[in-house]
Amino acid sequence: MKRFARLVAALDRCRRTREQVAALADYFRDAPPEDAAWAACLLLGRRPRPAVPTARLRRFAAAAAGIPEWLFAACYERVGDLAETITLLLPEGRGLEGVPLHAWLEERLPALRGLEEEAQRGCVLEAWRGLDRTARLVWIKFVTGGFRVGVAQGKLVRALARVSGLEEARLASRLAGGLHPTAAAWRRLLQPAGAEDDDPGRPLPFCLAHPLDRPLEALGDPDRWRVEWKWDGVRAQIVRRGAEALLWSRGGEVLNASFPEIAAAAMRLPGGTVLDGELLAFRAGRPLGFERLQRRLGRRDPGPRLLAEIPAVWMGYDLLARDGTDLRDHPLDARRAGLEELLKTAGDPRLALSPLLAVAGWGELRRLRDEARRRGAEGLLLKRRDAPYAMGRRRGIWYKWKADPFRVDAVLTYARRGHGRRAGLFTDYTFSVWDGGELVPFARAYSGLDAAEIRAVDRFVRRNARERFGPVRAVRPELVCEIAFEDIRRSARHKSGVAVRFPRIVRLRPDKKAAEADTVAALRALLKEKETAPWNEPPSATS
Amino acid sequence: MVTHAHADHARPGCGSYLANPETARLLRLRLGAAIAVQELPYGEILDLGGVRLSLHPSGHIRGAAQVRLEHRGEVWVVTGDVKTAPDPTCLPYEPVRGHGLVLESTFGLPVFRWPEPAAVVAELLDWWRGNAAEGRTSLLFAYALGKAQRILAALPAGAGPIFLHPALEAPTAAYRAEGVRLAPARRLAAAGARGDLAAALVLAPPSAAAAPGPGRSPAARAFASGWMQLRGLRRRRALDRGFVLSDHADWPGLLAVVRQSGAERVLLVHGSAPELARFLKEQGLRAEAAPQEAAGEEDEAPP
Ligand SMILES: [Zn+2]
Ligand SMILES: [Zn+2]
């Protein structure tokens, strides 16, 4: 536990990839397999289930620190992180450093889960007294289910390649299907190449698009590129092998249970096929929006009602393997031709083909991008016709070109202190627009400002606070900001009648007065425009 | 009446100033030699229309003073910024008794407990040595007046080359002129070829954003401040390290100041004033957060 905690602290402290990979390699070089498997799972995003309710932990901590609960709450508000608050309030501990990571996760924490409050108090205090500050911080994050220190899979793969001598590609592919926190799984992951019994049902590493960071003209002849809509769905590979078809997310999850109809349709594909595409909630020829898809994602074994209410399609755009042969080195054009053939033969409307957009010149592409939002797409994808299917995010092969977001001017009306690296500063903002003579909240935004702007807004909030509700301040409605968001939909839960997706601050508008901010009516007009956009008339597809 | 020369306590534009002599010298540096300053050494009493006023070391930075005010037998003490931890560059905090106390509470929450300064300096030296071994410059942010000199005073003379950002030159020279022993340091402008900075420690004010000098590997960045107790603040500034070294009292230090003053009434300014006030009230004192103008920026606001 102590070594893992030190690894976590090092990852938290070091920002450079080289240092992080070195810290990971140091840890994994001689961690016992049963600990290493847990460490890797945790760093790749697995979270232990909460073992003690946080309200209880707060009570235990306040009592152990000898301070009233209100003062504990004030400390927490200031620090912005419960585990860190507790760690700072209690003295350095020792005595339990010998308990290994897997023993905490497999035995001690699960045992804690079932105990009554008093028994839990005893165990929790024992752990706090027994662990040094670094380990205590990690332990508390396990107990609250809030452990979130992660590393990009690529860094972990590099570190493991260094430790094991295996190729990165092989490790990435073995990891792509997920990892179990057991010594056996760990040994399988690191077993030498050749002694291969790599699970054949696993997905291949996804090729990721690079944001377009250069003028279109720098891409050369438009004829060298294939253009598709950038769908606002969930990326998914279909792996059809043996007696099953698995639907894999990029996070390494199998999505069959949430999308049984797609999984069933995928059985129509011949064995040895791996396809790449995107899951979308889709009806009457147009995407239904991400929030609908999320309802499907969140529900395993959906009933007939949900299936009818939110139908899904899988929109295919690439072919990675056919008849068991890896085609990733073949040019996109060849893979695309194979994909079209396979989907045509399968003949199932739930396995759709992502249309190619005919683009005569770069100018036309700009026009298409402006249409993307109204058509329910996030923007455009540009893929080089002669390029292989690469692993990870590589420049020059796939570019994503997001459409401009929706924008409105809104007034800052409430602010709340941030967490994590924003702890202490007022960084969580509520923005409002006018409805008659009244300001109605319509979005909460946290991001978009640089450090200097964040501090300027923090000062503004402190000087213009009208009322204090715990960590929240109501501020004088004077500061106007330009807010961008990706999507807008109707919502009965919001007073403004609309909900927006990914709101963020584009810039401060000190030049504008509050009275000049936008109105609810303007938001409704955006909504109406989006809902009535002609999607049924298909984009000009070449296939 | 100016307690000490930090910008949030010493504003320009007054007709005349009253301050301790060391603060007076720093004030002239900051506000111009032409300002009118009446100097009042520590411990001497000035009669101001029946109010007896005297200054006493607050341990915050060089020249920092608490103000003791006595009128018809009632004594009030205004701490200004106060530090109870040891600091070789200034006189230690002197407990002053009074009926009432006006106390700063920048770090007035129990999560703020400072480690031993000597242990922090040892950590800092380790960090510097590690960077030097890799040929990386160590860039350490520290407040220009007080903190930077406190660090220079704590570093052993032969530790390695030290450079100062221009903003640190004048206050450092002022400390040296008063005979405070500081590790030798050169002006950043005097750094020549890039080899000069490779193993060096560069001290810069928190507002200096860019890493100094040329060179392929960027400098390792750290910040010396009480705020570095909070991980979130370290990460927000994208720092490699945070060194918990403050010129303000921590929670136990603040409680000690209240206790030693013997005060029954306490007014709190800065930072967590409402919280410390409530805590002291629950301990049976008459305490409240003093109404105040817009908070200062120099050393009380989180970075
Ligand atoms: Zn100060
Ligand atoms: Zn101050």
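The shown structure was predicted, so the numbers you read here are calculated from the model rather than taken from an experiment. Sequence order as written defines residue numbering, which begins from 1 separately in each chain. To read the labels, note that chains go from A and ligands from 1, taken in the order they are written. With the structure being a predicted model, the display of local features is reserved for residues of pLDDT at least 70 and the display and counting of side-chain atom pairs for 80 or more, all residues being used for whole-chain, interface and lining totals. Values reported for side chains reflect all heavy atoms of the structure, with hydrogen atoms and water molecules removed beforehand.

A. Expanded view of the environment of Y143 of chain B. The helix count covers DSSP runs of H or I at least four residues long, the strand count covers runs of E at least two residues long, and both are numbered beginning at the N terminus. Along the chain, Y143 of chain B falls in the loop between β8 (138-141) and α3 (147-154). Separated by 62 residues in sequence, Y143 of chain B and P205 of chain B have C-alpha atoms that sit 5.2 Å apart.

B. Inspection of unusual backbone geometry at higher detail. Residues and elements named next belong to chain A. Even without being a glycine, D323 presents a positive backbone phi close to 50°. Looking at the secondary structure, you find D323 in the loop between β8 (312-322) and β9 (325-326). With a phi close to 50°, F502 is a non-glycine residue in the positive phi region. Within the secondary structure layout, F502 lies in the loop between β21 (498-501) and β22 (504-508). The classification of residues rests on relative accessible area computed with a 1.4 Å probe and restricted to protein chains. Under 20% of the type maximum is buried, over 50% is exposed, and intermediate values are partly exposed. On the basis of relative accessibility, which here comes to 48%, the residue F502 falls in the partly exposed class.

C. Quick peek at the packing of aromatic side chains. Residues and elements named next belong to chain A. Pairing of aromatic rings covers Phe, Tyr and Trp, the last counted by its six-membered ring, and requires centre-to-centre distances within 6.5 Å; plane angles under 30 degrees mean stacked, over 60 mean edge-to-face, and any other angle means tilted. Applying the stated criterion across every chain yields a total of 21 aromatic pairs over all chains. With a centroid separation of 5.1 Å and 85° between ring planes, the pair formed by Y27 and F28 is classed as edge-to-face. For Y27, a relative accessible area of 4% corresponds to the buried category. Where Y429 meets F431, the ring centres are 6.1 Å apart and the plane angle is 65°; that geometry is what we call edge-to-face.

D. Examining the pattern of salt bridges more closely. All names here are of chain A. Each salt bridge in this description consists of a side-chain nitrogen of Lys or Arg and a carboxyl oxygen of Asp or Glu lying within 4 Å of one another. In total, this model carries 53 salt bridges over all chains according to the counting rule given. A salt bridge links D348 to R268, with the nearest nitrogen and oxygen atoms 3.3 Å apart. Here D348, found in the loop between α16 (332-346) and β10 (351-353), pairs with R268, found in the loop between α13 (260-266) and β6 (273-283); they are 80 residues apart in sequence, far enough to count as distant. Take D348: its relative accessible area is 4%, and that puts it in the buried class. Between R335 and D318 there is a salt bridge, with the nearest N and O atoms lying 2.6 Å from each other. Of the two residues, R335 sits in helix α16 while D318 sits in strand β8, which places them 17 residues apart along the sequence.

E. Seen up close, the sheet that holds β8 of chain B. Pairing between strands is defined by DSSP: at least two bridges between the two strands are required. Taken together, the six strands give an open sheet; going across it, the order is β10-β9-β11-β8-β12-β13 (chain B), and neighbouring strands pair in parallel fashion. With partners counted over all chains shown, the strands left at the sheet margins are β10 (186-187) and β13 (241-243) of chain B, one partner each.

F. Structural context of the interface of chain A and chain B. Only heavy atoms matter for contacts: two residues are in contact if any of them lie within 4.5 Å across the pair. Listed by partner, the interface residues are 30 residues for chain A and 33 residues for chain B. Regarding the contact of chain A and chain B, the summed buried area is about 2,900 Å², with carbon and sulfur atoms giving 54% of it. Between the two partners, chain A and chain B, sit four salt bridges. Ionic pairing is found between E19 of chain A and R136 of chain B, a salt bridge with its closest N-O pair at 3.2 Å. Summed over both partners, the accessible area lost on bringing two parts together, with a 1.4 Å probe, is the buried area.

G. How the structure looks around the confidence of the model for chain A. All names here are of chain A. Confidence in the prediction of chain A, expressed as mean pLDDT, is 87, and 95% of residues score 70 or more. The predictor attaches a confidence to each residue, and that confidence, scored 0 to 100, is pLDDT. Within chain A, no element has a lower average pLDDT than strand β12 (residues 392-393), which sits at 76, and none a higher one than α16, at 96. Contacts for the low-pLDDT stretch residues 534-543, under 50 throughout, to residues beyond four places or in other chains number 27 contacts.

H. Inspection of the side chain of E275 of chain B at higher detail. By secondary structure assignment, the location of E275 of chain B is in helix α8 (residues 273-282). Setting aside residues no more than four positions away along its own chain, E275 of chain B makes contact with W70, L71, A74 and R468 of chain A together with L109 of chain B.

I. Structural view of the sheet that holds strand β2 (residues 210-211) of chain A. Residues and elements named next belong to chain A. Reading across from one edge, β2-β13-β11-β3 is the order of the four strands in this open sheet, with mixed pairing throughout. Every other strand in the sheet has two partners, leaving β2 and β3 (225-231) as the edge strands with one partner each. With seven bridges connecting them, β3 and strand β11 (residues 377-384) associate as antiparallel partners. Within β11, the residue paired with W225 across the bridge is R384. Structural elements are reduced to axes, namely lines fitted to C-alpha atoms, with helices fitted over the stretch in contact, and the angle between N-to-C directions of any two is expressed from 0 to 180 degrees. The sheet contacts of helix α17 (residues 362-372) involve β3, β11 and β13 (398-402), and relative to β11 the element is tilted by about 150°.

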